[in-house]
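Here's the letter readout for the chains.
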Amino acid sequence: MPEQLAFTIEVFLNGLMAGVLYALVALGFVLIYKASGIFNYAQGVMALFAALTLAGIIDGQVPFSHLINAILGTDIHHFGWHVPAFLAILLTMVVMIGLAYAVQRLVFRHLVGQEPIILFMATIGLAYFLEGVGDLMWGSDIKSMDVGLPQGLNTWIDDTTFNAFGYGFFIDNLDIVASIIAALLVIGLVMFAQYTKQGRAMRAVADDHQAALSVGVSLNFIWILVWSLAGFVALVAGIMWGTKSGVQFSLSLIALKALPVLMLGGFTSIPGAIVGGLIIGVGEKLFEFLIGAPFLGGATENWFAYMLALIFLVFRPQGLFGEKIIERV
Amino acid sequence: MKLKMTTLALGAALAAGPAMAELVFPSLSYRTGPYAANGIPFADGYADYFTLLNERDGGIGGEPIRMIECETGYNTEKGVECYESTKGEGALVYQPLSTGITYQLIPKATADGIPVHSMGYGRTSAKDGSVFSNIFNYPANYWDGASVAIKHLLDLNGGSLEGKKIALVYHNSAYGKEPIRTLEELGKKHGFELSLLPVDHPGQEQKSQWLQIRREKPDNVIMYGWGVMNQVAVQEAANIRYPMDQFIGIWWSGSENDVRPAGEKANGYKALTFHNVGDDFPVFDDIQKFVVDAGKAAGAGDQIGTALYNRGLYAAMLAAEAAKTAQGIHDTKALTPAQMRDGMEALEITEAKMADLGLPNFGPEFTVSCENHGGNGYGAVAQWDAAADSWSLITDYIQSDQDVLAPLVTEDAQAFAAESGIEPSC
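Residues numbered from 1 in each chain as written. Chains lettered and ligands numbered in written order. Predicted model: local features only at pLDDT ≥ 70, side-chain atom pairs only at ≥ 80, totals over all residues.

A short note on the interface of chain A and chain B
For clarity, the threshold we go by: By definition, residue pairs are in contact when their C-beta atoms, positioned from the backbone, come within 7 Å. Helix and strand labels come from DSSP, where a helix needs a run of H or I of at least four residues and a strand needs a run of E of at least two; each type is numbered from the N terminus. Here the nonpolar group is Ala, Val, Leu, Ile, Met, Phe, Trp, Tyr, Cys and Pro; Asp, Glu, Lys and Arg are the charged ones; every other residue, Gly included, is treated as polar.
Across the contact, 34 residues belong to chain A and 34 residues belong to chain B. If you tally residues by element for the side of chain A that touches chain B, the top one is helix α1 (residues 3-36) of chain A, at 5 residues. For the side of chain A that touches chain B, the class distribution of residues is 13 nonpolar, 12 polar and 9 charged.

As structure tokens, then:
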């Protein structure tokens, strides 16, 4: 196989894997927007908060220790134990459900019927509040995220492709795991939405919340459920991105990677988030490899992702899988 | 009427900026935001050294120190607000701790007559004191860093880099682009091939750059990164199994934060530094006794000896020594910003002086003058030992290639002077 073709295939495969990671972030946005019409600006910070909480629980860190020490004059930082990753993930999920409940009861319950821009503004406030609480709770030092996920070169793929093509492809084990988890997540979410009572209620609320209310669906419950699911997706995204870079406050910026995915895939489609992520991932990586690095000096991925999304928007404003809005007057 | 006249007189006296009874050092820190993990240890080191001087020596030359901390969040606008809100307090010198804030403060501080010390960052050509009268960037700058890295590689390669391939992975910003011109010139001089790999902010996704490195197999990678970009780069280098001892970061890519997330795989990674590492210096015993044990530490006391804590402490030490020099020149204990500037311009750091301060071999020896605000351009290489969870210096302080750098500094400073209407003078 010509060397350049082998390189291109390697870049394509890595683009697919990167796209899955973008899609993981985009999924959280889709879930909340679909069910409540809220564009959740805080989704990136939720991923950060979930990752901070998970890393803190695993490490046996005392939450709010700086605050406690400052008030009580104590010097406590750790409980002195390490929590197994699986149990810590469950405990983090309990925290995220608690957060969903608090957000619904304290913020959005009071904003029912408000304009979408008001709800959007509320999520901006929520993002900054949550970032501050995360800092106060767990500190701002960079934490390692070790839940036992493999990372680094997949030697089997490297060896196999080297024997077949004379060039060993680099595929990161973490990306492979992320792809499997994303696939399971999407299958799980779709099955939940299709085959469970709560899932059907969630879809009913998404279609017309007033009609759903009239047949006895509890809006409060559904919105807490949806924010909890978005919290779960944020936790998964936080684990994956946190494993790559350590858990730190820049993690909230991964939301920037999700926006072109949403523009392309549509704000209301779970498969759209995945397909959008894959197109953005492959598109930006191939553009960087074939045009950006050789001719434009590199670092084209960020703007190219948005440009690609804008091109799609021109032809399909609702995104690839978004619902076409027809208003009769 | 009498009261009004008194008020006016008092106001006029304050505006004239008399020498204050305290030595005021603002600290433009960032303890919040995406870069807080780096901002906290620096701010702690900066504060703890001044606290030590107050508690142990009664200040500098018997004059107490008042440090004003202002949170910038590493945000340029907030940094300028901090400057504006604290300069009237008698601020003697600003350490902006951000290249963006430094660029904004260059004209403002110069007009206000307050010196700025951008230590290892900011505008490199501020080294030319004949143009940048109030800006100081000793002991080393970004271009020194690039040259020191190349000199280290020359040492490792028997004095020749002919035919070698060196990749620069850099933050795609004004900061990250700083070493390009220097490395291009050094490439011409030493015959190595330079490839440039920009990484867009914030740098969480670098797969393309590291796949390119895997394909092109450069002999060495130099990194000018910041924040999350550093941690991801070290992790990606480990993922593609790039030899860590051939990977060198600038000093802003050389804290414990940058290597710990990659665990064992970061072992052997190198970073430049212009000060020593660890806590095996007599001054830390005094900090423990007079600051930490007395409950007066700026933080929890858990950052002492880390790379960035030491950098903050070193910056405070240089500010205090410049203040001492100014007190000597002007024969006064209380200082004005103009007098502090004179002290910075006459600063001389010798090994004997550092040993007296409890910091033997903590930094390079250097002298500052009217023409040279940047010191002598010395830097060293530190290497990360993952098992020991610590950095160690693996070289002496190496001087940058002044034959290449001096003309570049002069050229850039002269261009700034021409566009700003400054008449260079010393």
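Following the structure, the description resumes.
With respect to the confidence of the model for chain B
Spelled out, the test is: Per residue, pLDDT measures the predictor's confidence, with a range of 0 to 100.
Residues with a pLDDT of 70 or more make up 95% of chain B, whose mean pLDDT is 93. In this model residues 1-20 of chain B is a low-confidence stretch, pLDDT under 50, and it forms 8 contacts with partners more than four residues away in sequence or in other chains.

Some thoughts on the packing of α1(A) against helix α12 (residues 270-295) of chain A
Residues and elements named next belong to chain A. This is how it is decided: Angular values range over 0 to 180 degrees, each being the angle between N-to-C directions of two axes fitted as lines to C-alpha atoms, with helices fitted over their stretch in contact. Throughout, the term roughly parallel applies to angles under 35 degrees, roughly antiparallel to angles over 145, roughly perpendicular to angles from 65 to 115, and oblique to all others. For any helix crossing, the convention is left-handed if the near helix is rotated counterclockwise from the far helix by under a right angle, and right-handed if that rotation is clockwise.
As a packed pair, α1 and α12 sit with axes 6 Å apart at the nearest point and diverge in direction by 140°. As far as their axial angle goes, α12 and α1 are oblique. Pair α1 / α12 crosses with right-handed handedness. Its residues assigned to classes, the contact of α1 with α12 shows 18 nonpolar, 7 polar and 1 charged.

Considering the nonpolar core
Note the threshold: For this analysis, nonpolar core means a set of buried Ala, Val, Leu, Ile, Met, Phe, Trp, Tyr and Cys residues linked through C-beta atoms within 7 Å. With C-beta atoms placed from the backbone, the exposure class of a residue follows from how many other C-beta atoms lie within 10 Å of its own: 20 or more, buried; 12 or fewer, exposed; in between, partly exposed. Throughout the structure description, domain borders are defined by an automatic or database domain assignment.
Leu24(A), Ala26(A), Ala47(A), Ala51(A), Val226(A) and Val233(A) are the most contacted members of the largest nonpolar core, which has 231 residues in total. Inspection of this core shows a minimum of three residues originating in each of domain 1 (20-140 + 277-376) and domain 2 (142-273 + 381-406) of chain B. Apart from residues no more than four positions distant in its own chain, Val233(A) is found in contact with Leu24(A), Leu27(A), Gly28(A), Leu31(A) and Leu185(A).

Focus on the UniProt feature "transmembrane region" (unreviewed entry) in chain A
Here is the rule we go by: UniProt positions are given in the numbering used here, feature names are shortened, and annotations may be inferred rather than shown by experiment.
In the numbering used here, UniProt assigns the feature "transmembrane region" (unreviewed entry) to residues 12-33, 45-64, 84-103, 110-130, 176-196, 217-241, 261-282 and 289-315 of chain A. Each end of residues 45-64 of chain A is marked by a C-alpha atom, and these two atoms are 18 Å apart; helix forms 70% of the span and strand 0%.

Quick notes on the UniProt feature "domain: Leucine-binding protein" (unreviewed entry) in chain B
Following the UniProt record, one finds the feature "domain: Leucine-binding protein" (unreviewed entry) at residues 28-386 of chain B. With 43% helix and 14% strand, residues 28-386 of chain B has its two end C-alpha atoms placed 32 Å apart.

Remarks on helix α8 (residues 228-239) of chain B
Residue and element names in this part refer to chain B. To be explicit about the condition: In this scheme, a helix's expected span is set at 1.5 Å multiplied by one less than its residue total.
For α8, built from 12 residues, the straight-helix expectation of 16 Å at 1.5 Å per residue is met to within 8% by its first-to-last C-alpha distance of 16 Å. Restricting attention to buried positions, one finds in α8 the residues Val 228, Met 229, Asn 230, Gln 231, Val 232, Ala 233, Val 234, Gln 235, Glu 236, Ala 237, Ala 238 and Asn 239. Within two residues after α8, Arg 241 carries a phi angle of roughly 65°, on the positive side.

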